[in-house]
Structure formats: structure tokens, C-alpha cells
Amino acid sequence: SDPEQAIELYNDVVKLDPDNVEALTYRSWLIALISRDAADDIKIVALAAATQGLERAIQVDPQYPDAHCFLGIVYFRFLEQASLAKKQLDVCVAMNPPASVTSFVNAIVKEVDAAVKRGG
């Protein structure tokens, strides 16, 4: 219910365990989510941090589906990069993510596929 507090808690986890893939992933996802309401200059920095954090999570554990799923969503919904989103979402779906993640992934995959076909 308090994304900023959750980000701080994930920061604490990452300080203790820099390779904690769950903390890296969910901290980055929350940063992306709260960036929606930020001023444009802050949004740019926040989305760069979120993307880098998700890429770091994938580097730590390429088999962790949540990071691929969230990176795909960030690429599509926040950065309007459908082709990059498709690559990550295809990996995500192939990894059979948890039901809580699958719900928003399924909703976006068709939109991404359509955008890629249109050349987006």
C-alpha cells in the first residue's frame, strides 16, 4: 500500500544481498510504477533506473520470469518500445510465471504483438 516504503525496504535487502533477484526485480517494478505520476525529468531518470534494475535482475538470474515480464511491460507501457517488449514477454511466457504476474502479462501480449506487426 506504500510503494515508496516498499522501495526503501527492497533497497535495504539489496544493500545486504546485492544479488537478491526478487528485491532487484520488485524494487525496479515499483520504481517504474511510481514514475507514472512524476514530472517528466524525474520520470526519465526513474524509468532508466527501473530498466537497469530489471536488466541487472536478469543478469543475476536469467531464469527468474518476473524480471523478464516486468521489463517487457516497462518497455511497452512506459517506453513505447514494442519490439523490445516482445522479446522479454516471449521469454516471460515461456518460463511459466506465477499466476499473479501472468494476469497482467496475458493482457499485454496481444497488444504488443499487434504493435510489432504495425511496426511499433
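Predicted model only: the values in this text are computed from it and were never measured.

Asker: Just checking my understanding: could you explain the overall build of the protein for this structure?
Answerer: When you go through the protein residue by residue, the secondary structure sums to 6 helices and 0 strands. Overall, the protein shows an N-to-C arrangement of helices and strands of α-α-α-α-α-α. For the C-alpha atoms alone, the extent of the protein along its principal axes is close to 45 × 35 × 25 Å. Sorting the 120 residues of the protein into buried and exposed places 40% on the buried side. Summarising the internal contacts of the protein: among those between residues at least 6 apart in sequence, 57% fall at separations of at least 24. When the accessible area of the protein is evaluated, it comes to approximately 6,800 Å², of which 54% is carbon and sulfur surface. Averaging the coordinates of the 11 positive side-chain charges in the protein and doing the same for the 17 negative ones gives two points 9 Å apart.

Asker: Would you take a moment to explain the packing of aromatic side chains for this structure?
Answerer: Aromatic rings in a pair are described by how distant their centres are and how their planes are angled relative to each other. Evaluated as defined, the whole model comprises 2 aromatic pairs. Taken together, a centroid distance of 4.4 Å and an interplanar angle of 10 degrees make the contact between Trp 29 and Phe 70 stacked. Of this pair, Trp 29 sits in helix α2 (residues 21-35) while Phe 70 sits in helix α4 (residues 65-78), placing them 41 residues apart in sequence. Phe 70 matches Trp 29 in its accessibility class, with the two residues each being buried. Aromatic rings pair up to connect Tyr 26, Trp 29 and Phe 70 into one cluster.

Rules behind the numbers
Residues numbered from 1 in each chain as written. Predicted model: local features only at pLDDT ≥ 70, side-chain atom pairs only at ≥ 80, totals over all residues. Heavy atoms only, no water. Helix = DSSP H or I, 4+ residues; strand = E, 2+ residues; numbered from the N terminus. Buried < 20%, exposed > 50% of the residue type's maximum accessible area, 1.4 Å probe, protein only. Contact = heavy atoms within 4.5 Å. Areas by Shrake-Rupley, 256 points an atom, 1.4 Å probe, with all protein chains shown as cover. Lys, Arg positive; Asp, Glu negative; His and termini not counted. Charge placed at Lys NZ, Arg CZ, Asp CG, Glu CD. Phe/Tyr/Trp six-rings, centres within 6.5 Å; stacked < 30°, edge-to-face > 60°.

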